[in-house]
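Understanding the architecture of this molecule
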Amino acid sequence: MCVSYFGFCQLATDFDEILPFNDDLAAVKKDHQWGFISKKGDLVIDFRNDFVLTKGEKGFSPEFNDKRCLIKRLKNGVYFYGFINEQGNEIIPATYLNASNFENGYALVVVHLQDSIGYNKVLKKALRNSKIEEYIIDTSGEIIKYLENPINYTLPKNSHENPPKLRSKFIAPHRVAVLKKDMKWDIYEF
């Protein structure tokens, strides 16, 4: 309820930090957790601690881009990244080892893949080939482009501090630069 005194109306109170609106939502911080408010001042996404914080002009905070916000979930000592929508629902499951924010309708993601390559009878253990690959996805989570840069990668235990770095970056709409193993850049159109 809004009670107006002298032409002012108080919509919401007691936030530690409030950021400007982006995608019709503003990030608000309270007690080390973030949430989002609408332009009416309603808390539309409750306070939580699974948002990925992005460095911006005002420090680190969560942000919506293309109606998606990056989140992370800790599973067996490893963070996996996914996206929520403007209602706070996980719309793209947290299955990626790293991900970028959406930009012009697309995001970069790192996928962990394991293939069984045999079995060691002495150790009684499956032998696996483990690698990471990067892809471009759209806002529905559909893979748009494979970025042709697989890297052998063993998933470390308790690696939540340092996810594998993205080796690709958007450089213009529908253009992505990919850092190859020889440390040279290729540019792709998608």
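Residues numbered from 1 in each chain as written. Predicted model: local features only at pLDDT ≥ 70, side-chain atom pairs only at ≥ 80, totals over all residues. Heavy atoms only, no water.

**Side note on the pairing of strand β12 (residues 90-96)**
Which entries qualify depends on this criterion: Strand pairing is assigned whenever DSSP detects at least two bridges linking the two strands. Secondary structure elements follow DSSP: runs of H or I of four or more residues count as helices, runs of E of two or more count as strands, with numbering from the N terminus.
The pairing of strand β11 (residues 78-84) with β12 spans three bridges and is classified as antiparallel. In the sheet register, Ile 84 faces β12, and the bridge partner there is Glu 90. Adjacent in sequence and paired antiparallel, β11 and β12 are bridged by five residues, among which Gly 88 carries a positive phi angle near 90 degrees.

**Structural notes on the nonpolar core**
The test is simple: Here, the term nonpolar core denotes a set of buried Ala, Val, Leu, Ile, Met, Phe, Trp, Tyr and Cys residues that are joined through side-chain atoms within 4.5 Å. Each residue gets one of three labels from its accessible area relative to the maximum for its type: buried under 20%, exposed over 50%, partly exposed in between, using a 1.4 Å probe on protein chains only. In this description, contact between two residues means that some pair of their heavy atoms is separated by no more than 4.5 Å.
Within the largest apolar cluster, 13 residues are counted, with the highest numbers of intra-cluster contacts made by Phe 83, Val 109 and Ile 137. Listing elements by their share of this core, those giving two or more residues are β11, β12, β14 (106-120) and β15 (125-138). Looking at this core element by element, the count peaks at three residues for β14. With sequence-adjacent residues up to four places away left out, Val 109 is seen in contact with Tyr 96, Asn 98, Ala 99, Glu 133, Glu 134, Tyr 135, Ile 137 and Leu 166. Listed in part, the eleven residues of the second largest apolar core include Leu 19, Ala 27, Phe 36 and Cys 69.

**Let's talk about the sheet that holds strand β20 (residues 185-189)**
Strand pairing in a sheet relies on backbone hydrogen bonds. The paired strands run either parallel or antiparallel. For the record, the criterion: Each axis is a line fitted through C-alpha atoms, taken for helices only over the stretch in contact, and angles between the N-to-C directions span 0 to 180 degrees.
Pairing is antiparallel across the open sheet formed by three strands, whose spatial order is β18-β19-β20. At either end of the open sheet lies a strand with only one pairing partner, and these are β18 (168-172) and β20. Shown here is a sheet whose adjacent strand axes are inclined to one another by a mean of 30 degrees, direction ignored. Both β18 and strand β19 (residues 175-179) contribute to a ladder of four bridges, which runs antiparallel. Of the residues in β19, the one forming a bridge with Ser 168 is Val 178.

**Considerations on the sheet that holds strand β6 (residues 43-48)**
One open sheet holds the four strands; their spatial order is β3-β4-β5-β6, and the pairing between them is antiparallel. The strands lining the two open edges of the sheet, one partner per strand, are β3 (17-18) and β6. Relative to strand β5 (residues 33-37), strand β4 (residues 26-30) runs antiparallel, the two being bridged by five bridges. The residue of β5 that forms the bridge with Val 28 is Gly 35.

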